[in-house]
2 protein chains.
Amino acid sequence: MRISELSAASGVPIPTIKYYLREGMLPAGEQISATRARYGEDHLRRLRLIRALLEVGRLSIASIGKVMSAIDDENLNLHHVLGTAQYAIAPAVEPHASGEEWARARAEADDMIADLGWQVDPGAPARDELAQAVLTLGRLGMPADKEALRPYADAALRLVTEHEIGTIPLDGSREAAVEAMVLGTVVHGRVLDVMRRLAHESVSAHVFTTS
Amino acid sequence: MRISELSAASGVPIPTIKYYLREGMLPAGEQISATRARYGEDHLRRLRLIRALLEVGRLSIASIGKVMSAIDDENLNLHHVLGTAQYAIAPAVEPHASGEEWARARAEADDMIADLGWQVDPGAPARDELAQAVLTLGRLGMPADKEALRPYADAALRLVTEHEIGTIPLDGSREAAVEAMVLGTVVHGRVLDVMRRLAHESVSAHVFTTS
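Predicted model, so just to flag it, every value in this text is computed and none were measured.

Parameters and conventions
Counting restarts for each chain, with residues numbered from 1 along the sequence as it is written. The naming scheme follows written order: chains are lettered A onward, ligands numbered 1 onward. A pLDDT threshold of at least 70 governs which residues receive local features in this predicted model, and a stricter bar of 80 or more applies before side-chain atom pairs are shown or counted, although totals over entire chains, interfaces and linings include all residues. The side-chain numbers reported here are obtained from all heavy atoms of the structure, hydrogens and water having been left aside. Throughout, an axis means a line fitted to C-alpha atoms (over the contacting stretch in the case of helices), and angles, computed between N-to-C directions, take values from 0 to 180 degrees. For the purposes of this entry, the term helix denotes a DSSP run of H or I that reaches at least four residues, the term strand denotes a run of E that reaches at least two, and both are numbered from the N terminus. An angle below 35 degrees is treated as roughly parallel, one above 145 as roughly antiparallel, one from 65 to 115 as roughly perpendicular, and anything else as oblique. Each crossing gets its hand from how the near helix is turned against the far one by less than a right angle, where anticlockwise is left-handed and clockwise is right-handed. Any two residues having at least one pair of non-hydrogen atoms within 4.5 Å are treated as being in contact. Any residue outside Ala, Val, Leu, Ile, Met, Phe, Trp, Tyr, Cys, Pro, Asp, Glu, Lys and Arg is labelled polar, Gly included; the first ten of those are nonpolar and the last four are charged. We define buried area as the total accessible area lost by two parts upon association, computed with a 1.4 Å probe and summed across both. A pair is scored as a salt bridge if a Lys or Arg side-chain nitrogen falls within 4 Å of a carboxyl oxygen belonging to Asp or Glu. Least-squares superposition aligns the copies on the C-alpha atoms of those residues with pLDDT at or above 70 in both. Exposure categories follow from relative accessible area, calculated using a 1.4 Å probe and restricted to protein chains: below 20% of the type maximum is buried, above 50% is exposed, and the middle band is partly exposed. Polar contact is defined as a pair of N or O atoms within 3.5 Å, subject to the rule that within protein one atom must be able to donate a hydrogen and the other to accept it, and that residues adjacent in sequence are counted only when both atoms are side-chain atoms. Side-chain rings of Phe, Tyr and Trp (the six-membered ring for Trp) are treated as a pair once their centres are within 6.5 Å; stacked means planes under 30 degrees apart, edge-to-face means over 60, and tilted covers the remaining angles. Only buried Ala, Val, Leu, Ile, Met, Phe, Trp, Tyr and Cys residues count toward a nonpolar core, and they belong to the same one when joined by side-chain atoms within 4.5 Å. UniProt positions are given in the numbering used here, feature names are shortened, and annotations may be inferred rather than shown by experiment. A helix's residues, less one, multiplied by 1.5 Å, set its expected span. Note that the arc is computed from the directions linking the helix axis to the C-beta atoms.

Asker: Please clarify how the packing of helix α9 (residues 174-207) of chain A against helix α9 (residues 174-207) of chain B should be interpreted in this entry.
Answerer: The description of two packed helices rests on the angle between their axes and on the distance between the axes. For the pair α9(A) and α9(B), the least separation of the axes is 11 Å and the interaxial angle reads 140 degrees. In terms of their interaxial angle, α9(A) and α9(B) are classed as oblique. Relative to α9(B), α9(A) is oriented so that their crossing is right-handed. Of α9(B), the residues touching α9(A) (which contributes Gly184(A), Thr185(A), His188(A), Gly189(A), Leu192(A), Asp193(A), Arg196(A), Arg197(A) and His200(A)) are Gly184(B), Thr185(B), His188(B), Gly189(B), Leu192(B), Asp193(B), Arg196(B), Arg197(B) and His200(B). Considering only residue class, the contact of α9(A) with α9(B) consists of 2 nonpolar, 10 polar and 6 charged.

What follows is the structure in structure tokens.
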């Protein structure tokens, strides 16, 4: 298809498509004359992923570029590609704590992950997020040790192994796998959060109406 | 204790305490002379809760006032008091959809909750949040029916019944119960989210390193 057709099929305006081409986020089309190029299903799929990363993952153009490079690098396995996207969508953590207090919280988080036997890269940003939560709980006077957070680890692991990992399509393109991972992480994260609050209300209705 | 001691014990500045007193968020102290009043443990506990609602729950002063009124109204049972606080911390949903599309998503959400047999008030804001998630999933071309979201409902209900409901202190004040509920909802919500992403990475490391 021509660039105008690609634009119509994807809903992405032509100037935006040209910008993605210049930035290398979208591979060049097949040149069929000096001024015209032809685009295919690959381009459509890639545009769909870029939009998902922008709109749902809220990634910057620079971060999207990194995810695309990982997808295009055939030396990287799917775990690495998914990890690149996952790290890119992780919220940035800015420690509001002294060096020592922060180091203690981070050590506690690392220790928790080691205890769970989980295989998580030492540089994974979610380690900092866990440290931040440990710090916040401690400051609020709430328990923040391994035992207190274990039910959350167990619930998460069960959901991922019994359900979520099976929703990543493995028979399609890497784009499709990354898209499913990013959308699933963000939107299903919201679903889990709201289901939890609905369950709070329902269980409270059974337990606390006489208190 | 005097207002200066209450300020020192709570970390809340005197002018702020006076503001809370004027707004009726903090009950008046016991008047011991024309210009002096005495404050007790109840005031300290109440100030602690106000800070938690402000800093962790990000509630407005008006919303905190509503939560305090519910705590002080002895005709309301604990479920109602907790619900008032829970509704106040729910993120506002502004439907980005036409009336008809939104009505369909909301009906789907209501139907899901009915199917689960959960006891949730028809006016609970989390119903709108679930509708919003259903809408987003549908627009992204992802499954959003009961069956697709059931694993999230199951994981949430299990976590709440097996663990979270037991963390609400029932032998103390209503302030303590509300504080535990609000902090638990917000901070443990973050813990669950980060544990889920850590579990994604760990399970992906086992499953996808060969793909």
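Asker: Mind showing me how you'd approach the interface of chain B and chain A here?
Answerer: It is common to give the size of an interface as the accessible area that goes away when the parts come together. Counting residues at the interface gives 70 residues for chain B, matched by 71 residues for chain A. Taken together, the two surfaces of chain B and chain A that pack against each other cover about 6,800 Å², and 71% of this comes from carbon and sulfur. Taken together, the links from chain B to chain A amount to 4 salt bridges. Taking the shortest distance from any N to any O, the salt bridge between Glu164(B) and Arg196(A) comes out at 2.9 Å. If you list the elements that add at least two residues to the side of chain B that touches chain A, you get α5 (78-89), α6 (99-116), α7 (125-139), α8 (146-162) and α9 of chain B. Broken down by element, the residue count for the side of chain B that touches chain A peaks at 24 residues, all from α9(B). Residues of the side of chain B that touches chain A, tallied by class, amount to 42 nonpolar, 17 polar and 11 charged.

Asker: What is the right way to read the packing of helix α1 (residues 3-10) of chain A against helix α3 (residues 41-55) of chain A from this model?
Answerer: All names here are of chain A. Between α1 and α3, whose axes approach to 10 Å, the crossing angle comes to 45 degrees. Taken together, α1 and α3 sit at an angle that is classed as oblique. In this structure, the crossing between α1 and α3 has a hand that is right-handed. Between α1 and α3, the residues in contact are Leu 6, Ala 9 and Ser 10 and His 43, Leu 44, Leu 47 and Arg 51, respectively.

Asker: In this structure, what is going on with the relation of the copies chain B and chain A? I would like to understand it.
Answerer: Put simply, the two copies of the chain differ by a rotation about an axis and a shift along that axis. Here chain B sits on chain A after a turn of 180 degrees about the axis and a move of 0.0 Å along it, with an RMSD of 0.0 Å. The transformation relating the two chain copies, once decomposed into turn and shift, fits a two-fold axis. Among all residues of chain B, the minimum C-alpha distance to the rotation axis is found for Ala155(B), at 3.2 Å. Taken as a fraction of all interface residues of chain B, those also at the interface in chain A reach 100%, which identifies the copy contact as same-surface.

Asker: What is the right way to read the pattern of salt bridges from this model?
Answerer: Opposite charge on two side chains lets them pair, provided their charged atoms get close. Residues and elements named next belong to chain A. If you walk through the whole model with that rule in mind, you get 36 salt bridges over all chains. For Asp 128, the salt bridge goes to Arg 106, with nearest N and O atoms at 2.8 Å. Here Arg 106 lies in helix α6 (residues 99-116) and Asp 128 lies in helix α7 (residues 125-139), a separation of 22 residues in the sequence. Note on Asp 128: relative accessible area 25%, which makes it partly exposed.

Asker: Where do I start with the environment of Val81(A) in this structure?
Answerer: Residue and element names in this part refer to chain A. Tracing the sequence through the fold places Val 81 in helix α5 (residues 78-89). Here the alpha-carbon distance between Val 81 and Arg 174, two residues 93 residues apart in the chain, equals 8.2 Å. If we skip the residues at most four places from it in the chain, Val 81 touches Ala 70, Ile 71, Leu 76, Arg 174 and Val 178.

Asker: Help me understand unusual backbone geometry in this model?
Answerer: With glycine set apart, most residues show a phi of negative sign, and most peptide bonds adopt trans. A positive phi angle, near 55 degrees, is found at Arg58(A), a position not held by glycine. Relative to the elements of secondary structure, Arg58(A) occurs in the loop between α3 and α4 (61-72).

Asker: Quick question: what am I supposed to make of the side chain of Arg196(A) here?
Answerer: Relative to the elements of secondary structure, Arg196(A) occurs in helix α9. Within the structure, Arg196(A) has its side chain in polar contact with the backbone oxygen of Thr185(B) (distance 3.0 Å). With near-sequence residues (within four places) excluded, Arg196(A) lies in contact with Ala156(B), Leu159(B), Val160(B), Glu164(B), Gly184(B), Thr185(B), His188(B), Gly189(B) and Leu192(B).

Asker: In this structure, what is going on with the side chain of Glu129(B)? I would like to understand it.
Answerer: With respect to the helices, strands and loops of the structure, Glu129(B) is situated in helix α7. With a relative accessible area of 12%, Glu129(B) lands in the buried category. Residues within four places of Glu129(B) in sequence aside, it is in contact with Val194(A), Arg197(A), Ala90(B), Pro91(B) and Val93(B).

Asker: I'm lost on the packing of aromatic side chains in this one. Help?
Answerer: Ring pairs (aromatic) are described by centroid distance and by the angle formed between their planes. All names here are of chain A. Here the structure, examined in full by the defined rule, presents 2 aromatic pairs over all chains. Arranged with centres 6.1 Å apart and planes meeting at 50 degrees, the rings of Tyr 19 and Tyr 20 form a pair that is tilted. Judged by relative accessible area, which is 30%, Tyr 19 ranks as partly exposed. Taking the relative accessible area as the measure of exposure, Tyr 20 reaches 5% and is therefore buried.

Asker: What exactly am I supposed to notice about the nonpolar core here?
Answerer: The nonpolar side chains of soluble globular proteins are, as a tendency, buried together. Met195(A) and Met195(B) are the most contacted members of the largest nonpolar core, which totals 141 residues. Counting residues per element, this core draws most heavily on α9(A), at 15 residues. Contacts of Met195(A), omitting those with residues within four sequence positions, involve Met112(B), Trp118(B), Leu130(B), Leu149(B), Tyr152(B), Ala153(B) and Ala156(B).

Asker: What should I look at first to understand the UniProt feature "domain: HTH merR-type" (unreviewed entry) in chain A in this one?
Answerer: The sites that carry the UniProt feature "domain: HTH merR-type" (unreviewed entry) are, in the present numbering, residues 1-70 of chain A. In the segment residues 1-70 of chain A, helix accounts for 60% and strand for 6%; the C-alpha atoms at its two ends are 26 Å apart.

Asker: Just to check I follow, could you spell out α4(A) for this structure?
Answerer: Residues lying three or four places apart along an α-helix face the same way, a consequence of the helix completing one turn every 3.6 residues. All names here are of chain A. With 12 residues, α4 extends 16 Å between its outermost C-alpha atoms, agreeing within 8% with the 16 Å of an ideal straight helix rising 1.5 Å per residue. When we look at burial in α4, the residues that qualify are Ser 63, Ile 64, Val 67, Met 68, Ala 70 and Ile 71. Relative to the axis of α4, the buried residues are bounded by an arc of 160 degrees and lie together on one face. Residues of α4 that are exposed and point more than 90 degrees away from the buried face comprise Ala 62 and Lys 66. The inward-facing, buried residues of α4 contact α3, α5 and α9.

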